[in-house]
Amino acid sequence: MEPFTIHSLNNYTNVGLTSLVEAFELGPRAVRALILGGYLSVESQLAAVGIKYASLKGALVPNNRRYEAAFFFDSTRIDSDFYGLEIADHWVPAVAQVGPTTTALSVGDIVNLPSGLVWEQLDKYLVGQRPFPRVPSQHYFVAHVTNLSKGHREKLHVAIGASTDAYIGYVDTTTWKPIMTGMLLPQVGLRSGDKVITTQIEGEAPNLAGYPFASSGLVPVGVDDLNYGTYLDYRLDNGIPQWAAQDSVFALTALGGDQQPVSTSGLTIDDSRLEYLREDHKSSLSGAGLDGLDPGGFVAEVQKKLARGLVYNLRFIHGTRGDVPAPENDAMMYSIQVAFPSSDGSIRRYQVGLKYKADTHASEITTFY
C-alpha cells in the first residue's frame, strides 16, 4: 500500500458517504476502497488546476496556534431577498485583501436556536457593536473563516466594519460554544493562494452560486460536488456527539477498521511514551491539568473527551528501522481534537496523536500538544 494522508474526512455535516454505504450495503473493505478512491480523485482534480492537496492542511485542520471566527451580520439591514450574496460583497473582498491565503469559507443563518440563547451568547462572546441589534435569531447571518492569526482576525473585523453597517462583530469559534450548534454553515469556498476551490457540477462552471471571488482577485476552480463535501469541507464543531461518533466511524474504517466509532476504541499509553510527553510536552500536559497523572489516569481523562472529538490527519506510514524499510513498523495514524479547561477557567484545545491497530480496534496515544 502507498502512504497517504487525508487531512479531514467529513461525514459530520455531509452525509454523502453514509448515503452511499446504506444504499449499496457496503462492508468495511468496500467503504475503505471508496474513501481512498475519492481521496485520489480529489488529489488529481486539484493537481489539474495547480493545487497540491497537502497545501490545504491549514484550512482544514485546526491548529493550536491559529484561530477560527464567525463574522456576524444583521440581515434585516440588507434590503434584498438575496442578502447572502449582498453581504458577500463586503466580506469576500476583505478576505481577499487581508485574510489568510489558505482558509475555508462558510456562510449561513443561525438556525434552530431560541433568540434568547443567541442574545445571551452574543452578550458573552461578541467582539463588536455594543449594544448589538437584538433581532430574531434567524436574522443573524454568519461568514465563518478558518486558519486566522490574531492579526488576520482584527484586520477582517476592521475591513468588514468599514464596508457595511450590517456587520455587528465577530465571535471566536476556536473552541466550542453553545451558539455554534446553530451554525450549520454550507462551505462556499476554500482559498488556496490566488485561487478559491468551490463545488462544480459536471457541465457547469465552478462557483455556480455566483460569489464575488473573481471580482476580488480570486480565481474560482472546481472539484466535483460529492468529493468536495467529503474531503474539502471544514468541519465546524457543532457540539453534537452523535454526529462526531458517526463521523469517526468512517475515519477509522479508512484506516482498516470495521465501522466502529473512536469512542469504543481501547485506549492505551506506554509508560515510556508518557514520560516523553512529560518531558517534551510539559506545558501542554500542565495546561490541561494532566501532568501529575499515572498512565491509567491519563488515559481515563483523554478517553472522556473522545466521544465528541473530531478526527483529523488520517495517514498510513511505511515503517523503517534506521534507513531500512521495516514493514513490521508500518502504522495507521490519526489525530483527534479535544478540549480541556485551563487554570484561568478558559477552554483550550489540544491535539492527541494516536496509532490505530485495526485488528483489535485499539488506539495508542503517541503525542499530546
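A quick note: this is a predicted structure, and the numbers were derived from the prediction, not measured.

A. Spotlight on the sheet that holds strand β6 (residues 167-172). Across the sheet, which stays open at both edges, the eight strands sit in the order β4-β6-β2-β5-β3-β7-β8-β9 with mixed pairing between neighbours. Because the sheet does not close on itself, it has two edges, and the strands there are β4 (127-128) and β9 (219-224). Two elements, strand β3 (residues 102-109) and strand β5 (residues 140-148), share five bridges in a ladder whose sense is antiparallel. Among the inter-strand pairings, L105 is bridged to a residue of β5, identified as V145. Against the sheet, helix α2 (residues 28-48) makes contact with β8 (195-200) and β9, and its axis sits at roughly 155 degrees relative to β9, the strand it touches most.

B. Looking closely at the pattern of salt bridges. Enumeration according to the criterion identifies twelve salt bridges in this entry. Where E154 meets R153, a salt bridge forms, and the shortest distance between an N and an O atom there is 3.7 Å. You can call E154 partly exposed: its relative accessible area is 34%. The partner of D237 in a salt bridge is R308, with the nearest N and O atoms 3.7 Å apart. You can see D237 sitting in the loop between α7 (225-232) and α8 (241-254) and its partner R308 sitting in the loop between α11 (295-306) and β11 (311-317), a full 71 residues away along the chain. The partly exposed category is assigned to R308, whose relative accessible area is 32%.

C. Geometry of the nonpolar core. The biggest cluster of nonpolar side chains holds 80 residues, and the ones touching the most others in it are I6, F72, I197, L232, F298 and F368. When residues in this core are grouped by element, the largest group, six residues, is from α2. Those residues in contact with F368, other than ones at most four positions away along the chain, are L277, H281, S284, L285, A288, L290, F298, V338, F340, Y350, Q351 and V352. Among the nonpolar cores identified, the runner-up in size contains 27 residues, and A94, V107, Y211 and L218 belong to it.

D. Up close: the packing of aromatic side chains. Counting across every chain of the model gives 14 aromatic pairs. Clustering of aromatic rings is evident, with ring pairs tying together F71, F73, Y167 and Y170. Here R153 stacks its cationic end above the ring of Y67, 4.9 Å away from the centre of that ring. One Lys or Arg, K177, reaches over the ring of Y125 and ends 5.1 Å from the middle of that ring.

E. Highlighting the sheet that holds strand β16 (residues 362-368). Spatial strand order, β1-β11-β14-β15-β16-β10: six strands in an open sheet with mixed pairing. Each edge of the open sheet is held by one strand with a lone partner, namely β1 (4-6) and β10 (266-268). Mean inter-strand twist for the sheet, computed between neighbouring axes without regard to direction, equals 25 degrees. Pairing of β11 with strand β14 (residues 331-341), which is carried by five bridges, proceeds in the antiparallel orientation. Considered in β14, the bridge of R315 is made with M333.

Definitions and limits used
Position numbers for residues count from 1 along each chain, tracking the sequence in the order it is written. In keeping with the model being predicted, local features are shown solely for residues with a pLDDT of at least 70 and side-chain atom pairs are shown and tallied solely at 80 or more, while totals for entire chains, interfaces and linings include all residues. Side-chain calculation: all heavy atoms of the structure are included, whereas hydrogens and water are not. Any two strands with at least two DSSP bridges between them are considered paired. The helix and strand labels rest on DSSP assignments: H or I over at least four residues marks a helix, E over at least two residues marks a strand, and numbering proceeds from the N terminus. Any two residues having at least one pair of non-hydrogen atoms within 4.5 Å are treated as being in contact. Axis lines are fitted to C-alpha atoms, over the contacting stretch for helices. Their N-to-C directions set the angle, which ranges from 0 to 180 degrees. We define a salt bridge as a contact between a side-chain nitrogen of Lys or Arg and a carboxyl oxygen of Asp or Glu at a distance within 4 Å. To sort residues, take the accessible area from a 1.4 Å probe on protein chains only and compare it with the maximum for the residue type: under 20% means buried, over 50% means exposed, and anything in between is partly exposed. Residues belong to one nonpolar core when they are buried, are Ala, Val, Leu, Ile, Met, Phe, Trp, Tyr or Cys, and are joined through side-chain atoms within 4.5 Å. Aromatic pairing here means that ring centres of Phe, Tyr or Trp (its six-membered ring) are within 6.5 Å. Orientation follows from the plane angle: under 30 degrees is stacked, over 60 is edge-to-face, and everything else is tilted. Whether a charge sits over a ring comes down to the Lys NZ or Arg CZ being within 6 Å of the ring centre and within 35 degrees of the ring normal.

Spatial relationships are all this shows, so hold off on functional conclusions.
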